[in-house]
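# Remarks on the overall topology
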Amino acid sequence: MNEDLILDLLSSNLLYLLGAVLLIIVVLKGVRIVPQSEKYVIERFGRLHSVLGPGINFIVPFLDVARHKMSILERQLPNASQDAITKDNVLVQIDTSVFYRILEPEKTVYRIRDVDGAIATTVAGIVRAEIGKMDLDEVQSNRSQLIGQIQHSVESAVDDWGIEVTRAEILDVNLDQATRDAMLQQLNAERARRAQVTEAEGAKRAVELNADAELYAAEQTAKARRIQAEAEAYATEVVAKAIRENGIEAAQYQVALKQVESLNALGKGAGNQTILVPAHALEAFGNAFNLLKGGK
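Figured I'd write up the structure that's included with this text. (Residues numbered from 1 in each chain as written. Predicted model: local features only at pLDDT ≥ 70, side-chain atom pairs only at ≥ 80, totals over all residues. Heavy atoms only, no water.)

### As for unusual backbone geometry
- Even without glycine at this site, Phe45 takes up a positive phi of about 55°.
- Position of Phe45 among the secondary structure elements: in the loop between strand S2 (38–44) and strand S3 (47–52).
- Among the residues examined, Phe45 registers a relative accessible area of 67% and is labelled exposed.
- Unusually for a residue other than glycine, Phe62 sits at a positive phi of about 70°.
- Within the secondary structure, Phe62 is located in the loop between strand S4 (55–58) and strand S5 (64–71). (Helix = DSSP H or I, 4+ residues; strand = E, 2+ residues; numbered from the N terminus. Buried < 20%, exposed > 50% of the residue type's maximum accessible area, 1.4 Å probe, protein only.)

### Examining empty space enclosed by the protein
- Taken as a whole, this structure holds 1 cavity of 30 Å³ or more when the rule is applied.
- Approximately 30 Å³ is the volume found for the largest cavity.
- Breaking the lining of the largest cavity down by element, the ones donating at least two residues are strand S8 (91–102), helix H3 (115–131) and strand S9 (163–175).
- Residues belonging to the lining of the largest cavity are distributed by class as follows: 6 nonpolar, 2 polar and 1 charged. (1 Å grid on protein atoms, 1.4 Å probe; cavity = no way out; pocket = protein on both sides within 12 Å on 5 of 7 lines; lining within 4 Å. Points joined across faces, edges and corners; volume = space filled by probe spheres on them. Nonpolar A, V, L, I, M, F, W, Y, C, P; charged D, E, K, R; others polar.)

### Describing the nonpolar core
- Of all hydrophobic cores here, the largest spans 34 residues; its most connected members are Val92, Ile119, Ile131 and Ile150.
- By residue number, the principal contributor to this core is H3, which donates 7 residues.
- Setting aside residues no more than four positions away along its own chain, Ile119 makes contact with Leu77, Val98, Tyr100, Val158, Trp161 and Ile163.
- Of all hydrophobic cores here, the second largest spans 6 residues; its members include Val34, Ile42, Ile59 and Ala66. (Core = buried A, V, L, I, M, F, W, Y, C linked by side-chain atoms within 4.5 Å. Contact = heavy atoms within 4.5 Å.)

### Section: H3
- Compared with the 24 Å implied by 1.5 Å per residue over 17 residues, the 24 Å span of H3 between its first and last C-alpha is a close match.
- Next to the buried residues of H3 lie strand S7 (80–85), S8, helix H2 (105–111), helix H4 (136–141), helix H5 (143–158) and S9.
- Measuring from the backbone nitrogen of Gly117 back to the side-chain oxygen at the start of H3 gives 3.3 Å, which picks out Asp114 as the cap. (Expected span 1.5 Å × (residues − 1). Polar contact = N/O pair within 3.5 Å; in protein donor to acceptor, adjacent residues only side chain to side chain.)

### Focus: the pattern of salt bridges
- A full pass over the atoms with the stated rule returns 8 salt bridges.
- In this structure, the salt-bridge partner of Arg44 is Asp64, at a minimum N-O distance of 2.5 Å. Taken together, the residues Arg44 in strand S2 and Asp64 in strand S5 connect sequence positions 20 residues apart.
- Taking the shortest distance from any N to any O, the salt bridge between Glu208 and Arg205 comes out at 3.4 Å. Linking Glu208 with Arg205, this pair stays in helix H6 (residues 177–246), spanning 3 residues, or about one helical turn.
- When salt bridges that share partners are traced, they join Glu190, Arg193 and Arg194 into one network. (Salt bridge = Lys/Arg side-chain N within 4 Å of Asp/Glu carboxyl O.)

### Some words on H5
- Along its 16 residues, H5 runs 22 Å from first to last C-alpha, staying within 8% of the 22 Å computed at 1.5 Å per residue.
- Within the sequence span of H5, burial applies to Leu146, Ile147, Ile150, Gln151, Val154 and Val158. Taken around the axis of H5, the buried residues stretch over an arc of 135°, which confines them to a single face. Facing away from the buried side of H5 by more than 90 degrees, the exposed set consists of His152 and Ser156.
- Where H5 is buried, its residues meet H3, H4 and S9. (Arc of directions from axis to C-beta.)

### Observations concerning the packing of H3 against H5
- Between H3 and H5, whose axes approach to 10 Å, the crossing angle comes to 135°. If you check the angle between H3 and H5, you find them oblique. You can see that H3 and H5 cross each other, and the crossing is right-handed. Note on element contacts: H5 touches H3 through Leu146, Gln149, Ile150, Ser153, Val154, Ala157 and Val158, opposite Ile119, Thr122, Val123, Ile126, Val127, Glu130 and Ile131.
- Of the residues belonging to the contact of H3 with H5, the class tally is 10 nonpolar, 3 polar and 1 charged. (Axes fitted to C-alpha atoms, helices over the stretch in contact; angles between N-to-C directions. Parallel < 35°, antiparallel > 145°, perpendicular 65-115°, else oblique. Left-handed = near helix turned anticlockwise from the far one by under 90°.)

Following this line, the structure appears as structure tokens:
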């Protein structure tokens, strides 16, 4: 009895059940929840219709199909190594690494099949072209400038694929052993040259300093002589003025005073126990004493 009742209910409500199931299927087919790190490429009857961004999106069920689900996260190509010849004909091996991300997945899907391979081939060609414009020394010293040029060229080349190149790095510049040995010899020669130049500049500086010292000593000696001459001239002028004002007595007084000072200095000498006084020494003392008293 219960089974018959259930069958009657199902048969009478079958249409409603089918409608509910169909509605659920339509809702599931018409709603697309896209993760933050992805974009969906929607096709309608095999042709591009739209691109769904992150979040809840609505499409036409059974007509619109999410044909491609593309990640928009930044990607890194495997490290690549390619040979290149510099402007001065040196063979180098360049190790590169490229980072990119997909901005317009509809271009990436419909314009290029192997994105990684295409970018790697493009980077290899651009690296060889840029290396060929530079000498080896420029490649070693201007690596940042070279990386900027490579990145700019790669961005221009992959722009039609809906891709943004975020970074392009030159990891290493490898040389063959013969070139390394030649560069080492050149470096040693340059160091020796710099050492010789430094030594020569030091010797030159020493000669200049010695010459400056001798010149300074000569200038100081000349200055001392000039001062001494001026002092003697001044003393002579004073004596001449005294003679002119006081007569010959002033001159005789100066001479007698000098004689007395000389005798005193002789007497104070070390080891002089006996002093020999000239015959006119007593006369000098007397003349000095008379002049001090104002006598003649």
